[in-house]
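Analysis of the macromolecular model
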Amino acid sequence: MDVSNVAASMPAYQVSILDIFFPGLTGILAVANGLSTGQLNSYARLLFVGGFCIFLARYFYGYINDLVDRHFMSTIHVSYYNEAFDMLINWISEQHFAQNTRTSLASVGAKHRRGFFDNANGDKKSLSFTPWNTSISFIYKNHLIKFSRTQKDGRSSEEEIVVSCVGRSPTILKELFQECRAEYLKKIEKKTTVFDHQGGEWRKTKSREIRPLSTILMDEEEKQMLVNDVDNFLDPRTRGWYARRGIPYRRGFLLYGPPGTGKSSLSLSIAGRFDLDIYVLNLSAVDDSKLSSLFSELPSHCVVLLEDVDAAGTTRAEKTTEKTTDQSVAKLQGLTLSGLLNAIDGVSSQEGRVLIMTTNHIEHLDAALIRPGRVDRKIFFRLTNKDMNARLFCTIFKQSAEDQHIPKEDIGEENVERLAIEFAGKVPENVFSPAEVLSFLLENKRSPVNAVANVEKWAKSGQARGKDLRRELSWISDSS
Ligand SMILES: Nc1ncnc2c1ncn2[C@@H]1O[C@H](COP(=O)(O)OP(=O)(O)OP(=O)(O)O)[C@@H](O)[C@H]1O
């Protein structure tokens, strides 16, 4: 049988199956049919022969490339969501050979599209460029390395990096990754890496300067107890201790109190103090299954921060019906209390993590959520007292060597302390949050004298609101 007649004589479904494996083949066969029956003129023949040659050349090029890649090259793939992606992009974008790639991605104020490294110089809308949708070859320690950054499955939000080298041993690639890692660790030194989630995946959002614990104003004894607790928990010997007793190796804390009293700040400081990454979970954006998969993907040592757990549709039934509107019910219906409890200490939940929940309304939380085992320590965050107000005043007005350039009345350290006591005497206790007091002080940050002079007026104007606050938060006095 004449091969060129094959396409013409085939049923339509076979033709399309052939096209799946050899795109364009049926078209070629159809022309070949015309060729053999003498229906085509000489130009068409030339075109056909040329096209056929190109088809064969492309087919064999792809085939040989694939063969070489599979048998003579070593390759490492890096997924967009993994931190190794940042390590590599950070390194590559600083190499001389990557500065002049013809295809790159421009980003404002960040090294790459996830905006991980902040613009430290503070230049407005500074631009940076990283190689994108392209391949670069370069020499690393006398080895030829090929780097390709491509969109995965044509989706603009997802990318993949493939790094390969000639030879069957990936050692040189691993060395390259180690170097990228070392550079990256230098960049994030003294920083806390913050992750949030999108589409059920953790992704790094930013890295923040570590905030020293000393800058958080709270009961010092309680702070120290928390630090010792976390320190003890993270001690490498503790995991074995838990395992020998059959106790799940997890630790949970509940920070509760009015807004702006330092709950989130302390969580960040704790993560920084123990050099842990912090994973912030927004409960209103997840359902049971997403929450469970997010918890199971946590690394073994990290801080997980569940902010405003009372707002997550997991509160006591009677309070929920009273308070929620149709809209909020619709928004939160995906997450149930049992889903949250399962995620926190179910079988698939990661061990070794420090769980911190925060709430403004502890009285709205279901007892099961905060029972010992899930919450091992509860810490109350209070509105300011005299001592805290004086310390906040000193925080703003005491000069340090680094802030000489900031124009400010310099009245000497002793005078600042004297004014701090005067200031604290004028602010009513248990009315304002540290955030409110700080906001007032920042408004007057150029002059401590003005801050003292203006504070009574400010306190009076804010006190009416403060009284409402006290009534609404009457539970505070029970717990303090
Ligand atoms: N106890 C505190 N010590 C030092 N700074 C504080 C304290 N409380 C609040 N602040 C400052 O006030 C701001 C808000 O604090 P933060 O977000 O930690 O409060 P929060 O209790 O988590 O509030 P919310 O309940 O609304 O989330 C931060 O800039 C923080 O520096």
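Residues numbered from 1 in each chain as written. Predicted model: local features only at pLDDT ≥ 70, side-chain atom pairs only at ≥ 80, totals over all residues. Heavy atoms only, no water.

**Points about the site of the ligand**
Here is the rule we go by: Here a residue is considered near a molecule or strand provided that any single heavy atom belonging to it is located within 4 Å of it. Here a polar contact is recorded for every N or O atom pair within 3.5 Å, except that within protein the pair must consist of a potential hydrogen donor and a potential acceptor, and residues adjacent in sequence are included only if both atoms are side-chain atoms. A 1.4 Å probe and the Shrake-Rupley method give the accessible areas. Residues count as covered only by the protein chains that appear here. Labels follow the DSSP assignment, with helices taken as runs of H or I lasting at least four residues and strands as runs of E lasting at least two, numbered in each case from the N terminus. Polar here means any residue other than Ala, Val, Leu, Ile, Met, Phe, Trp, Tyr, Cys and Pro, which are nonpolar, and Asp, Glu, Lys and Arg, which are charged; Gly is therefore polar.
Surveying the vicinity of the ligand reveals 15 residues, the closest of which are R211, L217, K263, S264 and S265. A distance of 2.9 Å separates a nitrogen atom of the ligand from a polar atom in the backbone of G262. In this structure, S265 approaches the ligand through a side-chain N or O atom, which is 2.5 Å from an oxygen atom. In isolation the ligand has 620 Å² of accessible area, and contact with the protein removes 77% of it. Breaking the shell around the ligand down by element, the ones donating at least two residues are α9 (263-273) and α16 (434-443). Per-class residue counts for the shell around the ligand are 6 nonpolar, 7 polar and 2 charged.

**Quick word on the packing of helix α10 (residues 288-296) against helix α13 (residues 337-345)**
What counts here: With axes taken as lines fitted to C-alpha atoms, and helix axes fitted only over the stretch in contact, angles between N-to-C directions fall between 0 and 180 degrees. Comment on the angle field: the value is read as roughly parallel under 35 degrees, roughly antiparallel over 145, roughly perpendicular from 65 to 115, and oblique elsewhere. In what follows, residue pairs with any heavy atoms lying within 4.5 Å of each other are defined as contacts.
Close contact between α10 and α13 brings their axes to 9 Å; oriented N to C, the two are set at 10 degrees. Judged by the angle between their axes, α10 and α13 are roughly parallel. Here α10 contributes D288, L291, S292 and F295 to the contact with α13, which in turn contributes G339, L340, A343 and I344. Class assignment of the residues belonging to the contact of α10 with α13 gives a composition of 5 nonpolar, 2 polar and 1 charged.

**Focus on the sheet that holds strand β7 (residues 191-198)**
Two pairing modes exist for strands in a sheet, parallel and antiparallel, and in both the strands are linked by backbone hydrogen bonds. Spelled out, the test is: In this analysis, strands are considered paired if DSSP registers two or more bridges between them.
As summarised here, the arrangement of the 7 strands in space is β8-β7-β10-β11-β12-β9-β13, forming an open sheet in which the pairing is mixed. The open sheet has two edge strands, β8 (201-209) and β13 (377-380), and neither has a second partner. Taken pair by pair, the neighbouring strands of this sheet meet at an average axis angle of 25 degrees, ignoring direction. Summarising the sheet, strand β10 (residues 278-281) and strand β11 (residues 303-306) pair through 4 bridges and their orientation is parallel. When the bridges of β11 are listed, Y279 appears paired with V304.

**Remarks on the UniProt feature "transmembrane region" (unreviewed entry) in the chain**
What counts is decided by this rule: UniProt positions are given in the numbering used here, feature names are shortened, and annotations may be inferred rather than shown by experiment.
The UniProt entry lists residues 12-31 and 43-61 under the feature "transmembrane region" (unreviewed entry), expressed in the numbering used here. Across residues 43-61, helical content stands at 100% and strand content at 0%; the span's end C-alpha atoms are separated by 27 Å.

**Quick look at helix α5 (residues 83-92)**
The following threshold applies: The cut-offs for exposure are 20% and 50% of the maximum accessible area for each residue type, with area from a 1.4 Å probe on protein chains only; residues under the lower value are buried, those over the upper are exposed, and the others partly exposed.
Burial within α5 is extensive, with 9 of its 10 residues counted as buried. Among the residues making up α5, those that are buried are A84, F85, D86, M87, L88, I89, N90, W91 and I92. Sitting at the head of α5, N82 places a side-chain oxygen 3.0 Å from the backbone nitrogen of A84.

**What to know about the pattern of salt bridges**
Stated formally: One speaks of a salt bridge when a side-chain nitrogen belonging to Lys or Arg is within 4 Å of a carboxyl oxygen belonging to Asp or Glu.
Counted by the stated rule, this structure contains 17 salt bridges. Of the charged contacts in the structure, one is a salt bridge between K187 and E94, with a shortest N-O distance of 2.7 Å. Of this pair, K187 sits in helix α6 (residues 171-187) while E94 sits in the loop between α5 and β2 (104-108), and the two are 93 residues apart along the sequence. With its nearest N and O atoms 3.0 Å apart, the salt bridge here joins R377 to D229. Within this pair, whereas R377 is found in strand β13, its partner D229 is found in helix α7 (residues 220-234), the two being separated by 148 residues in sequence.

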